[in-house]
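# Coordinates in review
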Amino acid sequence: SAVISQKPSRDICQRGTSLTIQCQVDSQVTMMFWYRQQPGQSLTLIATANQGSEATYESGFVIDKFPISRPNLTFSTLTVSNMSPEDSSIYLCSVEIRGAAEETQYFGPGTRLLVL
Amino acid sequence: AQSVAQPEDQVNVAEGNPLTVKCTYSVSGNPYLFWYVQYPNRGLQFLLKYITGDNLVKGSYGFEAEFNKSQTSFHLKKPSALVSDSALYFCAVRTRYNFNKFYFGSGTKLNVKP
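The notes below deal with the structure included here.

### A short note on the packing of aromatic side chains
Applying the stated criterion across every chain, the model contains 17 aromatic pairs over all chains. Where F34(B) meets F102(B), the ring centres are 4.7 Å apart and the plane angle is 40°; that geometry is what we call tilted. You can see F34(B) sitting in strand β5 (residues 31–38) and its partner F102(B) sitting in the loop between β10 (87–95) and β11 (103–104), a full 68 residues away along the chain. The exposure class of F102(B) is buried, given its relative accessible area of 3%. An aromatic cluster of three or more residues is present, and its members are Y35(A), Y106(A), F107(A), F34(B), Y36(B), F46(B), F90(B), F102(B) and F104(B).

### Considering a nonpolar patch on the surface
The grouping of I12(A), L114(A) and L116(A) at the surface amounts to a nonpolar patch, some 290 Å² of accessible area in total. Within the secondary structure, I12(A) sits in strand β2 (residues 10–13).

### Re unusual backbone geometry
Put simply, K7(A) and P8(A) share a cis peptide bond, and its omega is -10°. Phi at N82(A) takes a positive value of approximately 45°, unusual for a residue other than glycine. On the basis of relative accessibility, which here comes to 53%, the residue N82(A) falls in the exposed class. Although it is not a glycine, Y61(B) adopts a positive phi angle of roughly 60°. Residue position: Y61(B) is located in the loop between β7 (56–58) and β8 (64–68). Residue classification places Y61(B) among the partly exposed residues on the basis of a relative accessible area of 48%.

Conventions used here
Residues numbered from 1 in each chain as written. Chains lettered and ligands numbered in written order. Predicted model: local features only at pLDDT ≥ 70, side-chain atom pairs only at ≥ 80, totals over all residues. Heavy atoms only, no water. Phe/Tyr/Trp six-rings, centres within 6.5 Å; stacked < 30°, edge-to-face > 60°. Helix = DSSP H or I, 4+ residues; strand = E, 2+ residues; numbered from the N terminus. Buried < 20%, exposed > 50% of the residue type's maximum accessible area, 1.4 Å probe, protein only. Patch = residues over 30% accessible without salt bridge, like charges linked within 9 Å, V, L, I, M, F, W, Y side chains within 5 Å. Areas by Shrake-Rupley, 256 points an atom, 1.4 Å probe, with all protein chains shown as cover. Salt bridge = Lys/Arg side-chain N within 4 Å of Asp/Glu carboxyl O.

Structure, rendered in structure tokens:
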């Protein structure tokens with residue numbers, strides 16, 4: 001498994017501003033993912049972030065709105081840009097552990113974002 | 001298209017009784033199936049998974065799930081529920097065709113009453 005931390009754990013932001021969320025893993029992982037969980041809903045994949053390459057975004061998500069960095073194998077950031085109240089969600093990062101006994105995604109504790 | 005269905009928004013059980021949280025899936029190819037639990041104000045915690053082999057999978061906290069290929073189901077079960085099991089449960093599936101992507105169900109809220 002993996003131990004994943006996120007910063008900040010929660011934030012209240014004003015419309016039009018941007019917030020950068022950090023995700024730190026206690027071991028080197030190739031694949032990291034960013035999800036959004038809107039209030040009362042399931043998880044939606046925003047993008048896949050592999051070290052050394054551009055992030056791959058899912059339909060409905062664009063780099064200008066959700067720029068992602070992946071500078072090394074233990075760290076990634078997601079920025080929510082030009083925020084609006086519709087961006088109020090929980091943002092979760094996850095990592096992929098692959099191998100004969102794994103092939104599982106492990107999730108961070110999430111960042112709870114409220115946009116006013 | 002790949003999808004996961006959790007037909008019950010909420011399941012209520014009394015402490016000590018058996019519990020079942022239902023999950024059905026629709027995928028192309030052989031599925032990899034997962035259950036996660038989300039406690040209030042927490043991230044998702046991995047419970048168990050089915051990749052191949054024995055259809056009955058045992059996981060954390062006494063939970064188990066049974067893969068049923070003919071019914072395309074992967075129901076989560078526990079013989080005796082605890083109040084502390086009250087949480088939001090998510091079923092998820094992935095396939096070799098799009099291995100990077102997890103498809104999550106809508107979630108089922110489990111309420112265990114003392």
